[in-house]
Amino acid sequence: MKVLVTGVTGYIGSHTAVELLAEGHDLIGIDDFSTSSPKVKHDIERVAGRPFTLLDLDLRNRCEVECLLASGEFDAIIHFAGRKFVGESVAEPMQYYERNLAASVSLAAAAQRHEISHVVFSSSCTVYGQPTQLPVTEETPIAPVSPYGRTKAMTETVLQDLCDATPSASVLALRYFNPIGAHPSALLGEVPSGPPNNLLPYIMQVAKRVRPFLNIYGGDYDTHDGTCIRDYIHVVDLARAHVLALDRAAETTGFEALNLGTGIGSSVLDVLEACEKATGRAIPHQIVDRRPGDAASMFADPSRAQQLLGWKAEANLPEMCLDHWNFERNLDVDALSA
Ligand SMILES: NC(=O)c1ccc[n+]([C@@H]2O[C@H](COP(=O)([O-])OP(=O)(O)OC[C@H]3O[C@@H](n4cnc5c(N)ncnc54)[C@H](O)[C@@H]3O)[C@@H](O)[C@H]2O)c1
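Not measured: the values here are computed from a predicted model. Position labels on residues start from 1 in each chain and follow its written sequence. Note on the predicted model: pLDDT of at least 70 is required for a residue's local features to be given, and 80 or more for side-chain atom pairs to be given and counted; whole-chain, interface and lining totals, by contrast, use all residues. Each side-chain value is worked out from all heavy atoms of the structure, with water and hydrogens disregarded.

Details of empty space enclosed by the protein
Space inside and on the surface of the protein is sampled on a 1 Å grid over the protein atoms alone, with a cavity defined as a set of points where a 1.4 Å probe fits but cannot get out and a pocket as an open set with protein on both sides within 12 Å along at least 5 of 7 lines; lining residues have an atom within 4 Å of a point. Grid points are joined across faces, edges and corners, and a volume is the space filled by probe spheres set on the points. Going through the model one piece at a time under the given rule, you end up with 1 cavity of 30 Å³ or more. Put simply, the largest cavity is a space of about 60 Å³. If you trace the largest cavity, you find it lined by Ile77, His79, Ser104, Leu107, Ala108, Val119, Thr155 and Leu159. Within the residue set of the lining of the largest cavity, elements represented by two or more residues are strand 4 (76-79), helix 5 (93-113) and helix 6 (147-165). The dominant element in the lining of the largest cavity, judged by the number of residues it contributes, is helix 5, at 3 residues. When residues are sorted by character, Ala, Val, Leu, Ile, Met, Phe, Trp, Tyr, Cys and Pro go into the nonpolar class, Asp, Glu, Lys and Arg into the charged class, and all the rest, Gly among them, into the polar class. By residue class, the composition of the lining of the largest cavity is 5 nonpolar, 3 polar and no charged. Strands here mean DSSP runs of E at least two residues long; helices mean DSSP runs of H or I at least four residues long; both are numbered from the N terminus.

So, in structure tokens, the structure goes:
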């Protein structure tokens, strides 16, 4: 297929580009490089052994999006571009509504006008808010508690309406749990811009002595060691699911949402211990007060993705932490300390 990939030089986009190229798809990638670098193109091509086209384009620019889709003859779109941090979305909600929601609406409208029927969308487990029942299935009520989560839930609704009104359309909304890890080549991975908002990049920077210690928010949750539990999934497992989702989108019509996780919950202290083993270094840490809005425990029931895509996450926590470290250890310390 000829596939438009938005946010292609980002963390998940770059790993997915490698898998798509390996499967023989032709890619046109776009990015505005607001949280990534155009240099990632070279690394994607080095790992995949095939070239692709990369365009500098801000999805919020409706005219440019319209022109691209009018002339591109795309078979499908995989839509990653957007922002991803809950805390940042509370501080800057309009940026999230513009980048995540408004840009997605204009992309979907242009896709409909130019009869690009197949869309795979980066959604998130944040659409579930603080679920009261575990594991989280796709039937768990949608109840986001942050602007970020709301942009994902609203975009899903928009895409569902698009499918209802367009008999040929197929959309798969992939609700990621907590992607970590890096490509085993150590050429691709997550490069945080500024102080990391996510656990793994933060732990790795403590391991590198870029930051002095890790704050663990809450040690008195109702979990096996008192710290919060999440479902961590290797980014390459996640990337593989996109290729299968694209195949399914080409064979079906309508809207489907799928959880992408391992189904296994790991606590912050479990992750810390796995990272200490992976890095061979002690990770100084301290337990501080809980953060408002953090659910004690959240992990997926990924059985629908297994059933519909024939997909299952393969990597375990030690493998994820080791791959993450092998990428991170080579990153420039000055770039990280910003
Ligand atoms: N990484 C996670 O923990 C996680 C979890 C759930 C969902 N998601 C979603 O997955 C998607 C990809 O996440 P990621 O981890 O790769 O993030 P990322 O920040 O590494 O990648 C996002 C990419 O989109 C680009 N971008 C942002 N706004 C743009 C715009 N207006 N026009 C063009 N490009 C733009 C950025 O420059 C970046 O390259 C996002 O939509 C995110 O919300 C991520």
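Some words on the site of the ligand
The criterion for a residue being near a molecule or strand is simple. One of its heavy atoms has to lie within 4 Å of it. Residues in contact with the ligand amount to 28 residues; listed here are only the nearest, Asp31, Ser36, Phe80, Lys84 and Arg99. Measuring from a nitrogen atom of the ligand, one finds a side-chain N or O atom of arginine 99 at 2.8 Å. Exposure was quantified through the Shrake-Rupley algorithm and a 1.4 Å probe, taking into account, for residues, occlusion by the shown protein chains and nothing else. Burial of the ligand by the protein amounts to 95% of the accessible area it has alone, namely 820 Å². The set of elements that each furnish at least two residues to the shell around the ligand consists of helix 1 (11-22), strand 5 (118-124) and helix 6. It is strand 5 that provides the largest number of residues to the shell around the ligand, a total of 3 residues. Grouping the constituent residues of the shell around the ligand by class yields 10 nonpolar, 11 polar and 7 charged. As used in this structure description, the phrase polar contact means that two N or O atoms lie within 3.5 Å; if the pair is within protein, one of them must be able to donate a hydrogen and the other to accept it, and residues adjacent in sequence are counted only when both atoms belong to side chains.

Topic: the pairing of strand 3 (residues 53-56)
A strand pair is defined by DSSP finding two or more bridges across the two strands. Here 4 bridges tie strand 2 (residues 26-31) to strand 3, and the two strands are oriented parallel to one another. Across the sheet, aspartate 31 pairs through a bridge with aspartate 56, a residue of strand 3. Where the polypeptide runs from strand 2 across helix 2 (residues 40-48) and back to strand 3, its parallel neighbour, the crossover connection is right-handed. By definition, the crossover connecting two strands over a helix is right-handed if that path, from the first strand to the second, turns clockwise as seen with the strands pointing away from the viewer.

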